[in-house]
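# Examining the three-dimensional arrangement
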Amino acid sequence: MGDFARIYIAGAGGMLGEAVVQACREVAEVQASDLVPREPWLEQVDVADREAFGRAVESFEPDLLINLAAFTDLEFCEENPEAAHASNAQGAQNGGLLANRLGVPYVYISTAGIFGGEKDVYSDEDTPNPLTVYAKTKLLGEEFVQQNVERHIVLRPGWMMGGGPDLDKKFINKVYRQITDGAREIFAVTDRLGSPTYTHDFAQGLLRVAGADVTGTFNQTCHGHGSRYDVACALVEELGLAGEVEVLPVTSDHFAETYFAQRPASEQLDNARLRELGLDVMRHWREALTEYAEVFRQDLARRTR
């Protein structure tokens, strides 16, 4: 397994960035940036700005370049396709060309959303069919990296969970905020399936794959699958609120006005390629959720003192 001394991480200000920075700092010196830095240690860099991105990375002289930068809100991307393309596609291209110039491995984060939902579970080799602006721009980034970056690693996560009450912008925290706002009924859909992916597991997997001196595209999600309803029920159970908060099953039509971007019926991934290489470190999502839910249990305890 390869060792890295200096790692540059772009787009490090979010929920995944928190986990990746933490993991990388345990093994190397880290320089990190974000479009809108939330902490003083984050440099302000727009990956869509080729020159600025290049100056920031080249001055640090990393031996590994990780690009986490992306607009991931599906509705935002539908309404702002140019911004989505700049970050998700152009940013991917800029980072890849930069990695080529430096002769270092390049890790690009794609998404399970590039698939169209026609199948139940997707392998690494299945043909993408993106339905949204977000998915289409991420696929453009993925394809450029695959075709043009010599030492590339493309990782496809599933439904992200991580970052806790402050950073988690995804489903887990949306459910949690409803609970802390006093909701005793939570509506969750049964007709959208996916593979929950814990950010800290993903970060450890990223380092393992990057250090294995391999090139390619890999699904990397937690094991097991489920619906949004399954995940919501599991979270309520983990918080010890099964007798107080009821999760009610609905179809995606229930949220059609709020979440108008077309989501695939299934984004469930199988980590077959990583498994074959002995590089799959991901746990079952239910086990990972038990660990992750501790930060919400602690937050609930503070609120009730």
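In case you missed it, the structure is sitting above this.
Residues numbered from 1 in each chain as written. Predicted model: local features only at pLDDT ≥ 70, side-chain atom pairs only at ≥ 80, totals over all residues. Heavy atoms only, no water.

Right, let's talk about the packing of aromatic side chains for a bit. A ring pair, where both rings are aromatic, is described by two values, the distance of the centres and the angle of the planes. According to the stated counting rule, one finds seven aromatic pairs in the structure shown. Taking the centre distance of 4.9 Å and the plane angle of 40° together, the rings of F71 and F76 count as tilted. Residue F71 is classed as partly exposed on the basis of its relative accessible area of 25%. Pairing Y198 with Y292 gives two aromatic rings, centres 5.5 Å apart and planes at 40°, and the pair type is tilted. A residue pair is termed long-range when its members are at least 10 positions apart, and Y198 in strand β11 (residues 196–198) and Y292 in helix α11 (residues 285–303) qualify at 94 residues. Just as Y198 is buried, Y292 falls in that class too. (Phe/Tyr/Trp six-rings, centres within 6.5 Å; stacked < 30°, edge-to-face > 60°. Buried < 20%, exposed > 50% of the residue type's maximum accessible area, 1.4 Å probe, protein only. Helix = DSSP H or I, 4+ residues; strand = E, 2+ residues; numbered from the N terminus.)

Turning to the nonpolar core, a few remarks are in order. Judged by nonpolar contacts, the single largest core of 61 residues is most densely connected at I7, I9, V20, I66 and V107. Excluding residues within four positions of it along the chain, I66 makes contact with I7, Y8, I9, A10, V20, C24, V107 and L206. If you look at the next biggest cluster of nonpolar residues, it comprises 19 residues, including F53, L98, Y106 and Y108. (Core = buried A, V, L, I, M, F, W, Y, C linked by side-chain atoms within 4.5 Å. Contact = heavy atoms within 4.5 Å.)

Sheet topology places strand β1 (residues 6–10) next to strand β2 (residues 29–34); four bridges connect them, and they run parallel. In the sheet register, I7 faces β2, and the bridge partner there is V30. As defined by bridge partners, β2 adjoins strand β3 (residues 43–44) across two bridges and the pair is classed as parallel. Looking at the pairing, S33 lines up with E43 of β3. (Pairing = 2+ DSSP bridges.)

So, about empty space enclosed by the protein. By the definition in use, this model includes one cavity of 30 Å³ or more. Within this model, the largest cavity holds a volume of roughly 30 Å³. Lining the largest cavity are R50, F53, G54, N94, L98 and R101. Of all the secondary-structure elements, those providing two or more residues to the lining of the largest cavity are α2 (50–60) and α4 (81–102). Across the lining of the largest cavity, the residue classes break down as two nonpolar, two polar and two charged. (1 Å grid on protein atoms, 1.4 Å probe; cavity = no way out; pocket = protein on both sides within 12 Å on 5 of 7 lines; lining within 4 Å. Points joined across faces, edges and corners; volume = space filled by probe spheres on them. Nonpolar A, V, L, I, M, F, W, Y, C, P; charged D, E, K, R; others polar.)

Right, let's get into the pairing of strand β7 (residues 152–156). The element β7 is extensively covered by neighbouring structure, given that five of its five residues are classed as buried. The two faces of β7 match: H152, V154 and R156 on one face and I153 and L155 on the other face are all buried. Here strand β5 (residues 106–109) pairs with β7 via four bridges, running parallel. The residue bridging Y106 from the neighbouring strand is H152, located in β7.

A sheet is described by the order of its strands in space; here seven strands give the open sequence β3-β2-β1-β4-β5-β7-β12, paired in parallel fashion. Looking at which strands have only one partner, the edges of the open sheet turn out to be β3 and β12 (216–219). Relative to β1, α2 is tilted by about 165°, and along the sheet it contacts β1, β2, β3 and β4 (64–67). Where α4 meets the sheet, its contacts fall on β4 and β5, and the angle it forms with β5 comes to roughly 170°. (Axes fitted to C-alpha atoms, helices over the stretch in contact; angles between N-to-C directions.)

Turning our attention to the packing of helix α1 (residues 15–25) against helix α8 (residues 199–210). The contact between α1 and α8 brings their axes to 8 Å, and the two run at 50°. With respect to each other, α1 and α8 are oriented oblique. Every pair of crossing elements has a handedness; the one defined by α1 and α8 is right-handed. Of α8, the residues touching α1 (which contributes M15, L16, E18, A19, V20, Q22, A23 and C24) are T199, H200, F202, A203, Q204, L206 and L207. A class-by-class count of the residues in the contact of α1 with α8 yields ten nonpolar, four polar and one charged. (Parallel < 35°, antiparallel > 145°, perpendicular 65-115°, else oblique. Left-handed = near helix turned anticlockwise from the far one by under 90°.)

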